[in-house]
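One letter stands for each residue in the lines below.
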Amino acid sequence: MTASTLLLFVALLSAAGFLLGRKRAFGIADAHGGVKSLHSLPGHYGLYTAIWVAVPALLLLIVWQSLEPAILSELVSRELPAEIQELPPERVGLIMNDVKNLVAGNFVSSAVSPEISEAAEHWLSLETTFRWIRTLLVAGLTGLGFLFAWRLIRPELRARNRIERVVRVALVACSTIAIFTTVGIVLSVLFESIRFFQYVPVTEFLFGLEWSPQTAIREDQVGGSGAFGAVPLFAGTLLIAGIAMLVAAPIGLMTAIYLSEYAPRAVRSVAKPLLEILAGIPTVVYGFFAALVVAPEIRGFGESLGLSVASESALAAGLVMGVMIIPFVSSLSDDVINAVPQAMRDGAYALGATKSETTRQVIFPAALPGIVGGLLLAVSRAIGETMIVVMAAGLSANLTANPLEAVTTVTVQIVTLLVGDQEFDSPKTLAAFALGLVLFVATLILNVIALTVVRKYREQYE
Amino acid sequence: MEAATMSRDKKARSEQSAQAATRKTASSLFGTDRSSDVPDSTVGVITHDDPVFTCRSVDVFYANKQAIFGVDLDIGRHEVISMIGPSGCGKSTFLRCLNRMNDTIAIARVTGRIELDGQDILDSRIDVVPLRARVGMVFQKPNPFPKSIYENVAYGPRIHGLARDRVELDEIVHTSLERAGLLKEVKDRMDQPGTGLSGGQQQRLCIARAIAVSPEVILMDEPCSALDPIATARIEDLIDELKENYTICIVTHSMQQAARVSQRTAYFHLGYLVEVDETDKIFTNPSHKLTEDYITGRFG
């Protein structure tokens with residue numbers, strides 16, 4: 001039986017266990033004078049049985065699946081002819097790879113030697129035996145689990161409490177998955193970055209003023225010597241994010257204030273969904289909007305004023321990105337402003353404050369921590385945004401504060417570094433990881449600040 | 001119909017207080033006609049020799065439902081008048097007419113005539129800002145702003161420009177806190193958030209905040225219902241002191257409190273003002289049967 005059939009089998013048995021366990025609980029309840037004589041509800045006993053049927057078997061299955069390939073490989077390699085076993089370990093590994101490929105029916109690198117095909121057959125026969133053992137063990141465990149739970153079902157069995165403990169463990173397990181994923185990503189980026197820093201010193205990366213990652217991969221290629229000073233990228237990122245926030249923060253905040261404090265219900269019910277549609281536009285659409293509409297407009301306008309404007313300017317990308325984050329800012333702020341209790345407004349109105357005074361001096365300060373948190377989240381979003389910048393801001397790593405010139409950002413460079421053929425031991429590719437690490441650390445710091453601000457200044461209204 | 005109105009209201013936060021108000025009145029009031037028990041005109045003495053407020057045929061509607069029916073009442077200068085009655089009888093709604101707080105509820109509509117020193121405050125040309133500076137309000141639940149204790153009290157004087165400089169402002173804040181009986185407890189921590197005080201202190205802070213703009217009238221909407229007996233006693237003492245300088249209208253569910261603090265008492269029933277008279281008379285010898293039933297605890 002394959003693993004998936006086995007899973008289905010266990011699930012069915014578990015469902016049966018639920019029904020049987022509940023039936024038994026009802027039976028016991030009748031013998032003892034009604035459901036009230038049981039500690040838990042009959043369904044709890046059913047669930048308890050179902051858990052005992054499924055969980056041990058599933059755990060076994062998981063352990064088995066993770067160990068099987070290693071054990072099989074070890075067993076097969078021990079059976080290999082002596083002359084192969086005497087080869088250096090890397091060669092043996094290669095041969096084992098061939099064996100595995102042959103078993104899986106994949107393309108094999110060289111002509112199949114008799115030893116290899118023999119080993120593959122050995123592998124297959126072992127695998128069949130293993131499958132049988134696995135099925136028997138799983139079936140046995142479900143049966144054992146069922147009998148165990150069945151015998152335990154008594155009026156005084158605290159089934160509900162035990163189920164809740166299992167549920168709690170499951171909840172903890174789910175939450176750790178996200179945490180471990182984060183840790184895994186951070187570690188992998190970190191290790192690749194460390195490799196990058198073996199080619200390029202950290203100080204040069206962090207403080208160097210020139211970015212030109214094109215290096216010759218082979219001796220005979222023409223290419224630059226490579227320069228990995230990331231300051232122009234950081235500057236470009238900050239410039240574009242800054243322009244975006246200059247657009248998004250005031251417009252988003254004003255929108256939120258209008259929607260939550262001033263707008264009649266009819267306007268609000270139309271405007272809010274429309275704003276949320278704005279948030280649903282794919283960034284790539286914003287990107288070509290920025291590249292094909294906004295950038296030429298800005299260029300034309302700038303030239304009419306006698307300014308020299310690059311056809312891909314930081315201003316175009318920043319403006320469009322700002323528009324993109326408006327709904328982000330306005331929707332978060334709107335929620336926060338709405339969460340300010342009506343009692344605050346009443347208090348201010350009763351003192352004779354006007355609507356504008358109430359909003360500016362009472363509601364806004366009360367909502368400020370949440371608003372700052374929202375703004376910082378928007379900044380993280382702006383820093384991490386890629387598509388608009390790729391299309392509208394260009395690729396040239398200029399170190400400039402002039403928004404009319406083309407600049408590039410960290411995310412754009414990561415994209416260009418990893419698009420196309422690459423090899424994972426050249427600093428060009430590894431630089432992407434270092435940039436990723438910086439980006440990650442920057443957004444992490446922003447988020448931590450955002451959370452601290454929100455927590456520190458949060459007011460308890462009640 | 002009622003349920004539909006309510007659920008629609010729920011959607012808009014701006015209507016929150018409307019909702020609360022409608023909910024309060026909805027159960028007992030909506031759809032009822034003038035009950036035969038209610039007298040054709042208010043029993044007792046509705047007039048006062050030196051009135052601050054003169055209210056005549058005041059009706060309040062929430063959307064199409066009438067919550068207050070033709071209330072006639074004078075509120076005298078420097079008197080404490082308490083408004084009692086079962087839940088949903090419209091006493092809070094009436095109170096909120098006196099500083100036009102019902103304006104903040106989109107569906108509320110007030111008709112009739114309410115004169116403050118001879119000027120009709122229901123006139124749409126009246127600016128509510130100076131009105132509310134003259135008629136302050138304290139709410140059921142203490143609602144200090146999320147600002148420091150000092151800023152809470154200084155807020156009103158600031159928006160009305162009552163203090164020319166910091167010294168004057170300090171003076172106002174200190175006097176107000178002093179009058180509210182809170183100064184001693186908070187004078188060393190004026191820069192700490194007002195929300196950090198205890199419930200009773202917060203309520204006295206709200207009273208200090210209200211008197212900081214030197215109003216003539218203070219409306220109190222069940223000011224003690226969220227407080228423990230000790231804090232309640234402090235507030236009642238405070239009301240006693242404040243009546244030297246202010247007119248106080250207090251809505252309360254506690255008849256003992258009404259008896260203790262007020263000179264006149266108005267009894268509301270289903271949106272009608274049933275009886276209003278000297279507090280002693282209401283509690284010892286009420287004229288109307290509904291009033292008697294209520295104060296003897298036979299219903300409500």
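About the thresholds
- Residues numbered from 1 in each chain as written.
- Chains lettered and ligands numbered in written order.
- Predicted model: local features only at pLDDT ≥ 70, side-chain atom pairs only at ≥ 80, totals over all residues.
- Heavy atoms only, no water.
- Helix = DSSP H or I, 4+ residues; strand = E, 2+ residues; numbered from the N terminus.
- Expected span 1.5 Å × (residues − 1).
- Bend = angle between axes of the 7 residues up to and from the residue.
- Buried < 20%, exposed > 50% of the residue type's maximum accessible area, 1.4 Å probe, protein only.
- Pairing = 2+ DSSP bridges.
- Polar contact = N/O pair within 3.5 Å; in protein donor to acceptor, adjacent residues only side chain to side chain.
- Contact = heavy atoms within 4.5 Å.
- Axes fitted to C-alpha atoms, helices over the stretch in contact; angles between N-to-C directions.
- Left-handed = near helix turned anticlockwise from the far one by under 90°.
- Nonpolar A, V, L, I, M, F, W, Y, C, P; charged D, E, K, R; others polar.
- Buried area = accessible area lost by both parts, 1.4 Å probe.
- Salt bridge = Lys/Arg side-chain N within 4 Å of Asp/Glu carboxyl O.
- Core = buried A, V, L, I, M, F, W, Y, C linked by side-chain atoms within 4.5 Å.
- Domains from an automatic or database assignment.
- Phe/Tyr/Trp six-rings, centres within 6.5 Å; stacked < 30°, edge-to-face > 60°.
- Lys NZ or Arg CZ within 6 Å of the ring centre and 35° of its normal.

## Observations regarding helix 2 (residues 42–78) of chain A
Thinking step 1. The first and last C-alpha atoms of helix 2 of chain A sit 54 Å apart over 37 residues, in line with the 54 Å expected at 1.5 Å per residue.
Thinking step 2. At L67 of chain A, helix 2 of chain A shows its largest bend, some 40°, and a proline, P69 of chain A, comes one to four positions later.

## Comments concerning the pairing of strand 4 (residues 80–84) of chain B
Residues and elements named next belong to chain B.
Thinking step 1. Taking burial as the measure, the 5 residues of strand 4 include 5 buried ones, the bulk of the element.
Thinking step 2. Both faces of strand 4 are covered, namely the face carrying V80, S82 and I84 and the face carrying I81 and M83.
Thinking step 3. Across 4 bridges, strand 4 lies against strand 9 (residues 247–251) in parallel orientation. Bridging across to strand 9, I81 finds its partner in C249.
Thinking step 4. Note that strand 4 and strand 10 (residues 264–269) share 4 bridges and pair parallel. By the bridge assignment, M83 is partnered in strand 10 with A266.

## Considerations on the side chain of Q202 of chain B
Residues and elements named next belong to chain B.
Thinking step 1. Here Q202 is to be found in helix 8 (residues 199–211).
Thinking step 2. Within the structure, Q202 has its side chain in polar contact with the backbone oxygen of L197 (distance 3.1 Å).
Thinking step 3. Not counting chain neighbours up to four residues away, the residues in contact with Q202 comprise P142, P144, G194, T195 and L197.

## Thoughts on the packing of helix 5 (residues 149–160) of chain B against helix 8 of chain B
Between two packed helices, both the angle of their axes relative to each other and the distance between the axes serve to describe the pair.
Residues and elements named next belong to chain B.
Thinking step 1. Between helix 5 and helix 8, the shortest axis-to-axis distance is 7 Å and the interhelical angle comes to 35°. By crossing handedness, the relation of helix 5 to helix 8 is classed as right-handed. Listed contacts from helix 8 to I149, N152 and V153 of helix 5 are L205, A208 and R209.
Thinking step 2. Counted by class, the contact of helix 5 with helix 8 contains 4 nonpolar, 1 polar and 1 charged residues.

## With respect to the interface of chain B and chain A
A common way to state how big an interface is: give the accessible area lost once the parts meet.
Thinking step 1. The interface is formed by 31 residues belonging to chain B together with 27 residues belonging to chain A.
Thinking step 2. Between chain B and chain A the total buried area reaches about 2300 Å² when both faces are included, carbon and sulfur atoms providing 56% of it.
Thinking step 3. Applying the counting rule to chain B against chain A returns 0 salt bridges.
Thinking step 4. Elements with a contribution of two residues or more to the side of chain B that touches chain A: helix 1 (2–11), helix 2 (16–29), helix 4 (128–134), strand 7 (135–138), helix 5 and helix 8 of chain B.
Thinking step 5. Top element by residues in the side of chain B that touches chain A is helix 5 of chain B. It accounts for 4 residues.
Thinking step 6. Here the residues of the side of chain B that touches chain A sort into 13 nonpolar, 9 polar and 9 charged.

## Looking at the sheet that holds strand 3 (residues 65–76) of chain B
Residue and element names in this part refer to chain B.
Thinking step 1. On the basis of which strands lie adjacent, the open sheet formed by 4 strands has the order 3-2-5-6 and antiparallel pairing. Of all strands in the sheet, those bounded by a partner on one side alone are strand 3 and strand 6 (119–120).
Thinking step 2. Two elements, strand 2 (residues 51–62) and strand 3, share 8 bridges in a ladder whose sense is antiparallel. Within strand 3, the residue paired with P51 across the bridge is G76.

## Brief notes about the nonpolar core
All names here are of chain A.
Thinking step 1. Ranked by internal contacts, the top residues of the largest apolar core, which has 57 residues, are F196, F205, W211, I240, M321, I388 and L435.
Thinking step 2. When contributions to this core are tallied by element, the ones reaching two or more residues are helix 8 (231–262), helix 10 (283–304), helix 11 (314–339), helix 13 (355–384), helix 14 (387–392), helix 15 (410–418) and helix 16 (427–457).
Thinking step 3. For this core, the leading source of residues is helix 8, giving 11 residues.
Thinking step 4. In this structure, I388 is in contact with T283, Y286, G287, A290, A317, V320, M321, M324 and A393, ignoring residues within four places of it in sequence.

## Considering the pairing of strand 11 (residues 272–278) of chain B
Residues and elements named next belong to chain B.
Thinking step 1. When you tally the buried positions in strand 11, you get 6 out of 7 residues, the bulk of the element.
Thinking step 2. Note that strand 1 (residues 43–44) and strand 11 share 2 bridges and pair parallel. Paired with G44 across the strands is V276, a residue of strand 11.
Thinking step 3. Where strand 10 lies against strand 11, 6 bridges are found, and the strand directions are antiparallel. When the sheet's bridge partners are listed, Y267 is paired in strand 11 with E275.
Thinking step 4. Between strand 10 and strand 11, which pair antiparallel one after the other, the connecting turn spans 2 residues, and L270 there sits at a positive phi close to 50°.

## As for the environment of R204 of chain B
All names here are of chain B.
Thinking step 1. When you line up the elements, R204 lands in helix 8.
Thinking step 2. R204 sits in the buried class, given a relative accessible area of 6%.
Thinking step 3. Along the chain, R204 and G181 lie 23 residues apart, while their C-alpha atoms are 7.3 Å from each other.
Thinking step 4. Filtering out sequence-adjacent residues up to four positions away, R204 remains in contact with A180, G181, L182, E185, R234, I235 and L238.

## Here's the deal with the domain arrangement of chain A
Thinking step 1. If you check the domain split of chain A, you get domain 1 (3–157) and domain 2 (227–457).
Thinking step 2. Using C-alpha coordinates to define each centre, domain 1 of chain A is positioned 50 Å away from domain 2 of chain A.

## Thoughts on the sheet that holds strand 10 of chain B
Residues and elements named next belong to chain B.
Thinking step 1. An order of 1-11-10-4-9-8-7 is seen for the 7 strands of this open sheet, with the pairing classed as mixed. Taken across any chain shown, the strands that pair with only one partner, and hence form the sheet edges, are strand 1 and strand 7.
Thinking step 2. Note: strand 7 against strand 8 (residues 217–221), 4 bridges, orientation parallel. Across the sheet, residue G136 finds its bridge partner in strand 8, namely I218.
Thinking step 3. Along the sheet, helix 8 makes contact with strand 7 and strand 8, crossing strand 7 at roughly 170°.

## Brief notes about the pattern of salt bridges
Where side chains of opposite charge bring their charged atoms close, a pairing between them can arise.
Residues and elements named next belong to chain B.
Thinking step 1. Inspection of the entire model under this criterion finds 27 salt bridges over all chains.
Thinking step 2. One salt bridge in this structure joins E79 and R264, with 2.8 Å as the shortest N-O distance. In this pair, E79 sits in the loop between strand 3 and strand 4 while R264 sits in strand 10, placing the two residues 185 residues apart along the sequence. Side by side, E79 and R264 carry an identical accessibility label, which is buried.

## A short note on unusual backbone geometry
All names here are of chain B.
Thinking step 1. Positioned with a positive phi, A63 is a non-glycine residue whose angle comes to about 50°.
Thinking step 2. When its relative accessible area of 31% is taken as the criterion, A63 is described as partly exposed.
Thinking step 3. For R100, which is not glycine, the phi torsion reads 55° and is therefore positive.
Thinking step 4. Its relative accessible area of 12% is what places R100 among the buried residues.

## Quick word on helix 13 of chain A
Each α-helix turn comprises 3.6 residues. Residues three or four places apart therefore point the same way.
Thinking step 1. The end-to-end C-alpha distance of helix 13 of chain A, which contains 30 residues, comes to just 38 Å, noticeably less than the 44 Å that a straight helix rising 1.5 Å per residue would cover.
Thinking step 2. Of all bends in helix 13 of chain A, the biggest is about 55°, found at L368 of chain A, and the proline P369 of chain A comes one to four residues later.

## Some thoughts on the packing of aromatic side chains
Thinking step 1. Going through the model one piece at a time under the given rule, you end up with 13 aromatic pairs over all chains.
Thinking step 2. For the ring pair W52 of chain A and F148 of chain A, a centre distance of 4.6 Å and an interplane angle of 65° mean the geometry is edge-to-face. Highlighted residues: W52 of chain A in helix 2 and F148 of chain A in helix 5 (residues 114–152), separated in sequence by 96 residues.
Thinking step 3. Judged by its relative accessible area of 30%, W52 of chain A falls in the partly exposed class.
Thinking step 4. Here the aromatic residues F196, F197, F205, W211, F228 and F234 of chain A are joined through ring pairs into a cluster of three or more.
Thinking step 5. The positively charged end of R109 of chain B is found above the aromatic ring belonging to F61 of chain B, 4.5 Å away from the centroid.
Thinking step 6. The lysine or arginine in question, R209 of chain B, covers the ring of F145 of chain B, its NZ or CZ lying 4.3 Å from the ring centre.

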